[in-house]
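Spelled out from the first residue to the last, the chains are:
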Amino acid sequence: MAPRSESACPLTPSKPRLDINEFDIWFLEFSNTYNLNLRRTPQGLSPQKKRGLSYYSDLKYYEHLKIQYFKGTHTTIQDIFDHGAKEIHSKWAKKPRAEPGVTPFPTQLPRATTDPERRQLIELLKAILNDFSSTNVSSRSSISGSLSHQVYDEPSSPTRSRRSKRHSDEWQGSPTPKRTRSIHSDVDTECDPDDERPPSVLSFIDRGRVHTASPMPSELSVQAPSNSRLGQSRASRESTHSANTSKLTFESQVFSSHDEHEPLPASQETQTTVIASSSGSMKVPILQSPRMLGSDSDSLAPSSSTERALQVSFNSHERLQRDVRELLRSEPSAYSGSTRSSVYDITHPATPSLPPASLPPASSPPSLRPISPVKERTSNIPPPVLYGGSQDLEQRLRNVWPHLPSHYDRAPFAVRWEVLRIALHCGIQMDDLRLEYDPSWTDQNTLWSRLQALPLFRGKTFPERSRPEAWTAALNDKFSTTQGAVILTASLTANTSKTGPLFFLRLSPLKLDLSHRLSRRFGSDRFLELVIPTMGSQDVKNFGESAVEGIQRWLVKDSHVLLGRVWTSFFLKPSLPKKINNENTLGPQTKTIYQERIYLFAEDGNDFNRPEARDHWSPKGEPVGMHTKMGRGDLIDWLLQVPNNQEQSVLKLFSRIALGLSRTRATVIVRPEQIRHRDVDVLSPTGKVMNDGIARMSHGLARAIRDNMGLQDLPAGFQGRFGSAKGFWIRDPTDTNDEIWIETTLSQRKWKCDYIEEDHRTFEVRSESRELKSANLNLQLLPILEDRAIDAALMKDQVGRFMRDSLNRDLDAQKAAMQDPVQFQLWVYENSSSSRRAERIKNGQVPFTSGLPSGREDIMSFLMHSGFDPTKLKFLSDIAWKMRMEKCKELQERLNVKVGRSTYAYMVVDFLGVLEEDEIHLGFSSKFADEQSGFSETFLHGMDVLVARTPAHYPSDIQRVKAVFKPELGSLKDVIIFPTKGNIPLAHMLSGGDYDGDIAWVCWEPTIVNNFQNAKMPNVPDLFKQGVVRKENVSYLNLMKKVGTSNITSEFLTMAFRFNMQQNLLGMCTNYKEKFCYAQNSVRNDSAILLSTLISHLVDRAKQGTVFTDQDWARLRKTLSRGDPPEPPYKKEAWSGKGEPTHIIDYVKFRVGIPTVETELKAFGEYLSHAEHYDKDLVKFFGYYEKFQRPYHDRKGSVSKTWETVIDELKKEIQAVAQEWRGFHGEWDARVAHFYDKWQKIDPTPKVNSKAVWSLLQEDQVNVGQSSWDLLKASFCFKLYYKTSPAFVWYIMGKQLAHLKAQCTSSGTGAPPVLMIPRMYAGSRPDNKYARALAAMNGGRDFTESEAIDEEIATVLSDDEI
């Protein structure tokens, strides 16, 4: 017989075999009820592997409780434990503001909220289990003696009974420390710093109370002062405590700035005092800080708000302590003793005794009103350090982070995220969430249904749902898929009220995106992106200047507790601005809020493990629920290898963190011997770097990367990241073998990297060169084209003609496409961005939002595929009209004129040196065709071209050069190759560009090129010498010498955050320069050159440390002009100048753009004017069932009554949902999701019990929304609301209406509608030849297209025919 596993369920003769899963559920509920944080034994491990677990000693509670559970004594144990826990809990008292010297009354719930409390309850449980293990349960003998250090036998099991084994020390004492020491009165004890401490069972984080993941020693301790923990003697770190008072004298350093290296205190909001039962007293040793792992220790530092909270004093503490002592004398305790005590009151524990079975729960004294803090503090307590001088501000910042009830701690992180996200959206208080977690909530539909059923959420509109693929990925161990990682994003919005949290938190739906290097190494669930308003935004300024400083300090120096994890910020960058529509018609219609994106790292959490002493960083590939604690300093050190790069400036080194956060595709891992580090760049005769940011790779590596990415063609190169190198890598055209190698150049390497870890040797692709197509002429290039034109009037006419032709061509193409679904599918395919395809690839399907696809192009394509005609259906024609109007408006505002013979391409260099100084090479991977001009070639040769980069400011930012074809470079397609000859790199002449992934605009349109002449590069002023700008250039090494190694990470980030959160005046200066040059009618006078130089400095401000303030800007403007120039006329909607517009942008907009747009939109509107809301095909399905309610003589009356009831009740439910839709105001996505859920819940009325009715709900069809009941609802609703609420009808039940239309349309052709699975539908693409042939046939034309001559045709045709 095979031996039974250790995890098998124990059996008793009197009881049937029970399920281990049932015990696990009871065990988790028991642990969670009292916050014991007990560990479960992993299933399927051998005894040897179990003993190898770092938390092996903690598993005895699981094993002992399992034995008692299957004996049936677990309920008795829980009852006894509950009585004892309540008695112990009655001796605890919470200090809401951590006031020394005060002992307020205890609270009601017997839950541990600190490590000391938890250890007391663990000792209680240990004593009860000892008693049950050594005594017959029926005798109920009392537990006597001290609770400390009782030895447990290993849990009996069939496996262990076969052999004897010496009990190891791991099974002794408390579950937390490996070795403990008894506490005796008046004995000066010190925790041995060499004592080995295993990882804690769980670092408990509950409602703002944060504990270190590192277990506390048996002697409770307080942290040493943050700035002197290493050199302080033991004697100076001891404090004497009295049993009758909880006052403790702290050194002033404890209340200084936040230290990253100290363990977190027991609580951020409360402090626990164990009320002494004897008058003994002792000295409390101060534990030495743990060994640092890097610039940040592995132990988390307490937040500054916690440190400050410890300083606040209450008066009248004498009266409180007297009342508590009277309470203790009047109420005896049972199971109340413990070897664990408070930081403030440590006394001899009482001897426990077993309470009688009938012992009622200990009554709790009435709570007292909080006592106001006294104004005068005792001399030994320093004044608190407050954010911005306001304690109210500090509290409001603490309240920003809501905390889920602790019973959600065992839920998967994705479930916690979703519950909190929904609660925040609905405005629910976290303490009101009393619904216990259920494992079925891993199904998102079940979770939403359970929450929607709660009275708390009734009448609330739920937010947009997380995408199903993101939800599924978030529940697996890796928090990712092969296509991407789950991204956590949140936002803070300023609270304009004087009360409540300073910011309102909002969590975004889970979504999939490309991963970055840090997330691949440490897990994407440990990274949170937080979008906040800039410190210069008006809403933040309204808080006051001192508050802004406090907010910055709070963001950088504090730890932030959210969803059972401790987060700290480590990087920031500008985020996209947010536009808010203003409902006040008298004020501005939109309000723009500029934002910052803060990156936070989860250092610790409920389910985090303590790192091994030998580990510097968390192991790679950890599952979501089993991360290892690690500080942000170690995170930065892993990426930047700071000890080897301390000579870099603080701001430049900080900016390099962005490389670790770039969203890329990890492809091929390169071995160390395959890396070629070039120590010298290609230099010009004048010492300029000619290959700045670019290097080569082998043909074999490029092919391997292509295969990894699933590309069809082999690109010429890749923009990517490789270790500390950043830039572009091109294939070596001379390499023809399969060898794998890659080189890095000096200009690419941004810091010294050892390339030891695989993640630093993985080639990360940001983008690849791809097939080129015609491009638009950017607005910023127009003034330079006019300035450098040989004939300015002719240049204006040519640009205007291109814009007119572009508008007419696009509109004609869209009108033609809307006449036929096949043509429209082709039009959508040709006019869609690559992001549309990427979204399909990522999701494996066309993304749907409720009843219709998410994108407007996909909505139109989906409905037209189903048989709808946009010229007949009003809903469809409205979408087409909006698309065309927005396209015209965008063209009108941005003036992006399409030039057929132009393109955008990556700039690379000629490493072979075959190109001369003024030559470029450009080849295409396929024929580059321009139908307007008839151009169709595979390369450019023997012609002049214009090259430029945007943004362009100097007159020399557009250069006219000669295009030549070089056979040596012929294999490099779809990139523009610049020469390495000459004194100045051509890329540098184009707006100061380089080759690390910069893209050039290339134009070979003769009417523009032949009318252009080059300008020499201007002599730019030295703005640093002139004092216009300054530079902050403190090196990391100098900063470390100033602040010391213990505080370096915190100060490094503080300095970087403070600089980067200052207002960047780049946008303001760019707008001013645009107005100034328009008013001066020049882009090349001295003032214009100065402004262009200033803008070039501000572009690299964050990396170079350029300082330019509001005061600097005000002084500079005074030297440029007496007053600020007015807005150019082209910024307005209509021409307001005198006479005809002369400036090129005015001319193109007001004389070409607006008249053409108005004419074309009018014609397009007339084309769509005959569309209607009604479609008779969509009501036929309801008409069939409607007949059943009519009184036919050949049908029984019960049938008629049945269907009348069903339809009447359905009508009532549809009307209720539709009426609520019309009265709803809020975000569109949330609105649609909310009503889609309500719509799906409409089932046949329970008033009718008919099998015929319920048969409409075919289970397999209900799951995809295509049951007969779904179609009946949709058809009936369309009949009722097709005209009054068309958006409601289509966005909620669009899938069903499309199904009905396809059935009706197909019936007229004699062929059934064709079904496609989502993956195939997402990958379908139009056949260009079929679409053109069909269009020709419909237009009465013949369409013939010659096929390529293949072998079969060649054997038939004669030589003459060929």
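Keep in mind that what you see is a predicted model, and the values were worked out from it rather than measured. (Residues numbered from 1 in each chain as written. Predicted model: local features only at pLDDT ≥ 70, side-chain atom pairs only at ≥ 80, totals over all residues. Heavy atoms only, no water.)

Student: Mind showing me how you'd approach the packing of aromatic side chains here?
Tutor: In this description, an aromatic ring pair is defined by two values, namely the gap between the centres and the angle between the planes. Counting across every chain of the model gives 63 aromatic pairs. Taken together, the ring pairs in this structure connect Phe-868, Phe-875, Tyr-1174, Trp-1221, Trp-1228, Phe-1235, Trp-1239, Phe-1278, Tyr-1282, Phe-1288, Trp-1290 and Tyr-1291 into an aromatic cluster. Here the guanidinium or amino end of Lys-796 rests over the ring plane of Tyr-1147, the centre of that ring lying 5.8 Å away. Here Arg-1101 stacks its cationic end above the ring of Phe-1059, 4.4 Å away from the centre of that ring. (Phe/Tyr/Trp six-rings, centres within 6.5 Å; stacked < 30°, edge-to-face > 60°. Lys NZ or Arg CZ within 6 Å of the ring centre and 35° of its normal.)

Student: Sorry, what's going on with a nonpolar patch on the surface here?
Tutor: Residues Val-1314, Met-1316, Ile-1317 and Met-1320 make up a contiguous nonpolar surface patch of roughly 450 Å² in combined accessible area. Relative accessible area serves as the criterion here: at 73%, Val-1314 is assigned to the exposed category. (Patch = residues over 30% accessible without salt bridge, like charges linked within 9 Å, V, L, I, M, F, W, Y side chains within 5 Å. Areas by Shrake-Rupley, 256 points an atom, 1.4 Å probe, with all protein chains shown as cover. Salt bridge = Lys/Arg side-chain N within 4 Å of Asp/Glu carboxyl O. Buried < 20%, exposed > 50% of the residue type's maximum accessible area, 1.4 Å probe, protein only.)

Student: Looking at this structure, how should I read the side chain of Ser-1275?
Tutor: Looking at the element boundaries, Ser-1275 is found in helix 39 (residues 1268–1281). Those residues in contact with Ser-1275 that lie beyond four places of it in its chain are Leu-1178, Val-1179, Lys-1180, Phe-1181, Phe-1182 and Leu-1300. (Helix = DSSP H or I, 4+ residues; strand = E, 2+ residues; numbered from the N terminus. Contact = heavy atoms within 4.5 Å.)

Student: Which parts of the structure should I look at to understand the pattern of salt bridges?
Tutor: Any two side chains of opposite charge can pair, so long as their charged atoms come close to each other. Counting across every chain of the model gives 49 salt bridges. A salt bridge links Glu-418 to Arg-421; the nearest nitrogen and oxygen atoms lie 2.8 Å apart. Taken together, the positions of Glu-418 and Arg-421, both in helix 9 (residues 413–426) and three residues apart, correspond to about one turn of that helix. One salt bridge in this structure joins Arg-1151 and Glu-1140, with 2.7 Å as the shortest N-O distance. Taken together, the residues span a long stretch of sequence, with Arg-1151 in helix 33 (residues 1144–1167) and Glu-1140 in the loop between helix 32 (1110–1120) and helix 33 at a distance of 11 residues. Owing to a relative accessible area of 55%, Glu-1140 belongs among the exposed residues under this scheme.

Student: Sorry if this is basic, but what is going on with the pairing of strand 8 (residues 503–507) here?
Tutor: On any regular strand, side chains alternate: one points to one face of the sheet, the next to the other face. Going residue by residue along strand 8, you find Phe-503, Leu-505 and Leu-507 tucked away on one face and Phe-504 and Arg-506 left uncovered on the opposite face. Where strand 7 (residues 485–494) meets strand 8, five bridges bridge the pair, whose relative direction is antiparallel. Looking at the pairing, Thr-493 lines up with Phe-504 of strand 8. (Pairing = 2+ DSSP bridges.)

Student: Whenever I open this one, the packing of helix 29 (residues 1066–1080) against helix 30 (residues 1086–1099) confuses me. Can you help?
Tutor: Angle between the axes and distance between the axes: these two values describe a pair of packed helices. It is the contact of helix 29 with helix 30, at a shortest axis distance of 10 Å, that shows an interaxial angle of 160°. Classified by the angle between their axes, helix 29 and helix 30 sit roughly antiparallel to one another. Of the two elements, helix 29 crosses helix 30, and the hand of that crossing is left-handed. Along the contact surface, helix 29 presents Leu-1066, Cys-1069, Thr-1070, Tyr-1072, Lys-1073, Phe-1076 and Cys-1077, while helix 30 presents Ser-1087, Ala-1088, Leu-1091, Ser-1092, Leu-1094, Ile-1095, Leu-1098 and Val-1099. (Axes fitted to C-alpha atoms, helices over the stretch in contact; angles between N-to-C directions. Parallel < 35°, antiparallel > 145°, perpendicular 65-115°, else oblique. Left-handed = near helix turned anticlockwise from the far one by under 90°.)

Student: Please explain the environment of Ser-724 as it appears in this structure.
Tutor: Tracing the sequence through the fold places Ser-724 in the loop between strand 17 (717–722) and strand 18 (725–731). Through-space distance from the C-alpha of Ser-724 to that of Lys-750 is 5.5 Å; in sequence the pair is 26 residues apart. What Ser-724 contacts, discounting residues up to four positions off in sequence, is Leu-659, Gln-748, Arg-749, Lys-750, Trp-751, Cys-753 and Tyr-755. Within polar-contact distance, the side chain of Ser-724 engages the backbone oxygen of Trp-751 at 2.8 Å. (Polar contact = N/O pair within 3.5 Å; in protein donor to acceptor, adjacent residues only side chain to side chain.)

Student: What should I look at first to understand the side chain of Ser-866 in this one?
Tutor: In this fold, Ser-866 is placed in the loop between helix 23 (856–865) and helix 24 (874–894). Among the residues examined, Ser-866 registers a relative accessible area of 10% and is labelled buried. When residues no more than four places from it in sequence are discounted, the contact partners of Ser-866 are Ala-1298, Lys-1301, Ala-1302 and Thr-1305.

Student: Mind showing me how you'd approach a positive patch on the surface here?
Tutor: On the surface, Lys-773, Arg-809, Lys-887 and Lys-898 cluster together to form a positively charged patch. Checked against the element boundaries, Arg-809 lands in helix 20 (residues 792–817). (Lys, Arg positive; Asp, Glu negative; His and termini not counted. Charge placed at Lys NZ, Arg CZ, Asp CG, Glu CD.)

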